[in-house]
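One letter stands for each residue in the lines below.
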Amino acid sequence: MNDHGMNNIENHYSDGYMEPEEEWEREGLLDPAWEKQQKKTFTAWCNSHLRKAGTAIENIEEDFRNGLKLMLLLEVISGETLPKPDRGKMRFHKIANVNKALDFIASKGVKLVSIGAEEIVDGNLKMTLGMIWTIILRFAIQDISVEEMTAKEGLLLWCQRKTAPYRNVNVQNFHLSFKDGLAFCALIHRHRPDLIDYSKLSKDNPLENLNTAFDVAEKYLDIPRMLDPEDLINTPKPDERAIMTYVSCYYHAFQGAQQAETAANRICKVLKVNQENERLMEEYERLASDLLEWIRRTMPWLQSRQSDNSLAGVQRKLEEYRTYRRKHKPPRVEQKAKLETNFNTLQTKLRLSNRPAYMPTEGKMVSDIANAWKGLETSEKAFEEWLLSEMMRLERLEHLAQKFKHKADIHEEWTRGKEEMLQSQDFRQCKLNELKALKKKHEAFESDLAAHQDRVEQIAAIAQELNTLEYHDSVSVNTRCQRICDQWDRLGGLTQRRRQALDEAERILEKIDILHLEFAKRAAPFNNWLDGTREDLVDMFIVHTMEEIQGLLDAHSQFKATLGEADKEYNSIVNLVREVEQTVQKYQVPGGLENPYTTLTAHDLTKKWSEVRQLVPQRDATLQAELRKQQNNEMLRRQFAEKANQVGPWIERQMDAVTAIGMGMQGSLEDQLHRLKEYEQGVYAYKPHIEELEKIHQAVQEGMIFENRYTAYTMETLRVGWEQLLTSINRNINEVENQILTRDSKGITQEQLTEFRSSFNHFDKNRTGRLAPDEFKSCLVSLGYSIGKDRQGEIDFQRILAIVDPNNTGYTHFDAFLDFMTRESTDTDTAEQVIDSFRILAGDKPYILPDELRRELPPDQAEYCIQRMPPFKGPNAVPGALDYMSFSTALYGESDL
């Protein structure tokens, strides 16, 4: 109630007040016709409210005597609770109840003079009617205020304005002006033209007009019949109070319809916002679950380090990883960016609609997704590094396995028959010279055996390295190596025992063929050198740089420089054989052509020397081919470096430009959005350069190139930079769009936004897009926001921090800062406003019924409310009653919505 209305009531009951009987006599209230009209009207008016509590009265002077229904009437029309009534039937109980009702009326600023509880309890009709009129004035007519007039004048002015366009209607008072019924019909037609055809009404048919208005009001407007048409027509001057009471019902009915429409519109708006927010929350949950599930499925594959330990198997894994980077991951990068964009948009809409910030379900926070994504990228890098290192290891393993086989084959070929030879007893039937020959032969064998010691050690070292590198067929390698070592030990023992036997026989046999001995001594090491040279010339190698292949070429050149000395040694040894042949031919020595000291012949040396001379140019060709391969790899390094040194700085420049636009100091928000979208188009247009670089990088990896001294950029760093650039552009576009949304929805000018951004940037010294608490406080003070330095000022500042940093991160971002500054100067929907709107639809009841929601709201939003409103559990609840107060509070607080 406004103060003006309260003053009207006090004036009515204090200024010039007279005793009720005197006032009624002066106004003709004692006229039986007036008394009849008032009794009928006041009874109908009381019942229109008592029916809300499920009761009614029949005789107004009798049914209020005990005070119970009088107290109930006051509770219904005021919406307040009166003191508990006395339930006794004694007179003093009734007087006590009536006094409680009169005290409540007086508490509302109404001065009751000469109306006592005893008169009401005694059934004094005049006093009872006077009291009911007082209640009608206070609760039905007093709130009517038009252009600062009194309640009666305001109600009269409202009638005049509403009926002004209608013919034969001239409302000047509340008695004669309504007698023909046209004024009632005009009020109904003005607000509900569908209920009455005013053109068919006539001033000459007052009874028909009155019955039409009263029937329509009762049927369609829920206004009971409070007047009798015949009484109005037959009474020279109808009762003013009766007509005022009935007309006030028209006023409240039509004003309530307008309020209901406004309330329905407000509720529709609030529910539409809430439904859209719920849709965004569900979409965020779905996208987050899908992305996290994909990461969960992908991580075991990236973390797996199992392979079949073969080069081909690892190469297949590398190709699978490339397919993953090209086809499977890019859509997930876009999904992650969309997820972050939707989350920011949702939070912005929640702030603009005065809703609490959205907290995703546990494990689906933006930070959880970022951590999972970071773990995915770390696993990707580790997986790729493992694949490359595994390829290098397996390639070396294959090389070592071939080298082991080659050396083992040569050694086993050399040892074939050696054990049988060392165990032979042939020297026991030899002559002296034959014995000496056997001894010299054995000495030559010992030299040969010592020369092969290095080969056996090499074979054992290669086997050990294969075991260390976990060669897949290490069992067979170990078996063969052990067999060679065991045989070598046996050869050593057999050699020692044969040497002892020959020394025993040497005392008998004395002569030695010097030439055969010399041949044996020189041929054995030369033959060993030939074997080693042939092995080195066909030895496989693996290099990765120009320096390594150049080192091999230099070593080969040095080797070729020693061939002249080797040729001299070869001719010298062959000449020894020729000298033996000449001596045998000259002296006819039986069996003299057979060299007793060695199994080597000049033919063997000639054959091996010829093979060495043929292998030298073949080695030249192999090294030159590898040189060309390394030159091609060097070209690939330069191609990659040249392209990477263009792409890398370009990405860095774009990042700097996008960051500068994100600072918000370059033109209007629309200009910033336009420039960001231009940068976005430019970035997508630049993507062919990235794809070209990926092709070069693939060729580099296929060429087994593992380092590049011509550039500091790697493909991984460029990929990360490219993804960060796309993410930065999308994030800045989203932030600018949210700022535009905030500006347009809150009515913030471009100058205000510029001022907010300038102040924020001034205190954001490190250009991180966020402010620490001290920086945020300084920024608020610079914008004229008063924060005291006392304890209360600190409490106020902590309250502000709770608004702009609800998650207690320790920083204030610009969007939260902008939302706070705009919220300080704009109005938003509140829970109290929504509760008031529902109360209007419910007819001032503390609960609302499903039929009332379906009647006032669109079908989808009515069903939305019915499904979510909890049952009303307060007093006087009826079946199906819904609690709109807790529902409205939940819209703006903690809720499952």
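From a predicted model like this one, the values you see are computed outputs, not experimental measurements. (Residues numbered from 1 in each chain as written. Predicted model: local features only at pLDDT ≥ 70, side-chain atom pairs only at ≥ 80, totals over all residues. Heavy atoms only, no water.)

A closer look at unusual backbone geometry
Reasoning step 1: Backbone geometry at Asn808 places phi at a positive 55°, although glycine is not the residue there.
Reasoning step 2: Structurally, Asn808 can be placed in the loop between helix 28 (791–804) and strand 2 (812–813).
Reasoning step 3: Its relative accessible area of 68% is what places Asn808 among the exposed residues.
Reasoning step 4: Although it is not a glycine, Asn876 sits at a positive phi angle of roughly 60°.
Reasoning step 5: Note that Asn876 resides in the loop between helix 32 (859–868) and helix 33 (884–891). (Helix = DSSP H or I, 4+ residues; strand = E, 2+ residues; numbered from the N terminus. Buried < 20%, exposed > 50% of the residue type's maximum accessible area, 1.4 Å probe, protein only.)

A word on helix 14 (residues 311–352)
Reasoning step 1: Over its 42 residues, helix 14 extends 60 Å from the first C-alpha to the last, a length consistent with the 62 Å expected when each residue adds 1.5 Å.
Reasoning step 2: Of all the bends in helix 14, the greatest, near 45°, is centred on Lys329, and the proline Pro330 appears no more than four residues after it.
Reasoning step 3: Within two residues after helix 14, Asn354 carries a phi angle of roughly 60°, on the positive side. (Expected span 1.5 Å × (residues − 1). Bend = angle between axes of the 7 residues up to and from the residue.)

Some words on the domain arrangement of the protein chain
Reasoning step 1: Structurally, the protein chain comprises domain 1 (32–257), domain 2 (270–393), domain 3 (418–507), domain 4 (519–746), domain 5 (747–822) and domain 6 (831–892).
Reasoning step 2: Between domain 1 and domain 4, the C-alpha centre-to-centre distance is 105 Å. (Domains from an automatic or database assignment.)

Considerations on the packing of aromatic side chains
Reasoning step 1: Evaluated as defined, the whole model comprises 30 aromatic pairs.
Reasoning step 2: Where Trp414 meets Phe445, the ring centres are 6.1 Å apart and the plane angle is 0°; that geometry is what we call stacked. Taken together, the residues Trp414 in helix 15 (residues 366–415) and Phe445 in helix 17 (residues 432–468) connect sequence positions 31 residues apart.
Reasoning step 3: Each ring, one from Phe838 and one from Tyr884, has its centre 5.9 Å from the other, and the planes form 25°; the classification is stacked. Linking Phe838 in helix 30 (residues 831–841) with Tyr884 in helix 33, this pair joins segments that are 46 residues apart in sequence.
Reasoning step 4: Accessibility expressed as a relative area gives 0% for Tyr884, which makes it buried.
Reasoning step 5: What links up through ring pairs into an aromatic cluster is the set Phe174, Phe178, Phe184, Phe214, Tyr246, Tyr250 and Phe254.
Reasoning step 6: Its end group placed over the ring of Trp414, Lys418 keeps NZ or CZ at 4.9 Å from the ring centre.
Reasoning step 7: In this structure, Arg770 packs its charged tip against the face of Tyr811, placed 3.8 Å from the ring centre. (Phe/Tyr/Trp six-rings, centres within 6.5 Å; stacked < 30°, edge-to-face > 60°. Lys NZ or Arg CZ within 6 Å of the ring centre and 35° of its normal.)

Here we look at the pattern of salt bridges
Reasoning step 1: In this structure the tally under the stated criterion is 54 salt bridges.
Reasoning step 2: For the salt bridge of Arg325 with Glu723, the shortest nitrogen-to-oxygen distance reads 3.9 Å. Residue Arg325 is found in helix 14, and its partner Glu723 is found in helix 25 (residues 715–746); the two are separated by 398 residues along the sequence.
Reasoning step 3: Here Lys405 and Asp409 are joined by a salt bridge, their closest N and O atoms 3.1 Å apart. With Lys405 and Asp409 both in helix 15 and four residues apart, the pair spans about one turn of that helix.
Reasoning step 4: For Lys405, a relative accessible area of 43% puts it in the partly exposed group.
Reasoning step 5: Bridged by salt links that share partners, the residues Arg325, Lys329, Glu380, Glu694, Glu716, Arg719 and Glu723 form one connected network. (Salt bridge = Lys/Arg side-chain N within 4 Å of Asp/Glu carboxyl O.)

Side note on the packing of helix 30 against helix 33
Reasoning step 1: Running from N to C, helix 30 and helix 33 cross one another at 150°; their axes reach a closest spacing of 9 Å. As the angle between them shows, helix 30 and helix 33 are arranged roughly antiparallel. Helix 33 is crossed by helix 30, and the crossing has right-handed handedness. Of the residues in helix 33, those in contact with Ala831, Val834, Ile835, Phe838 and Arg839 of helix 30 are Tyr884, Met885, Phe887, Ser888 and Thr889.
Reasoning step 2: The residue makeup of the contact of helix 30 with helix 33, split by class, is seven nonpolar, two polar and one charged. (Axes fitted to C-alpha atoms, helices over the stretch in contact; angles between N-to-C directions. Parallel < 35°, antiparallel > 145°, perpendicular 65-115°, else oblique. Left-handed = near helix turned anticlockwise from the far one by under 90°. Contact = heavy atoms within 4.5 Å. Nonpolar A, V, L, I, M, F, W, Y, C, P; charged D, E, K, R; others polar.)

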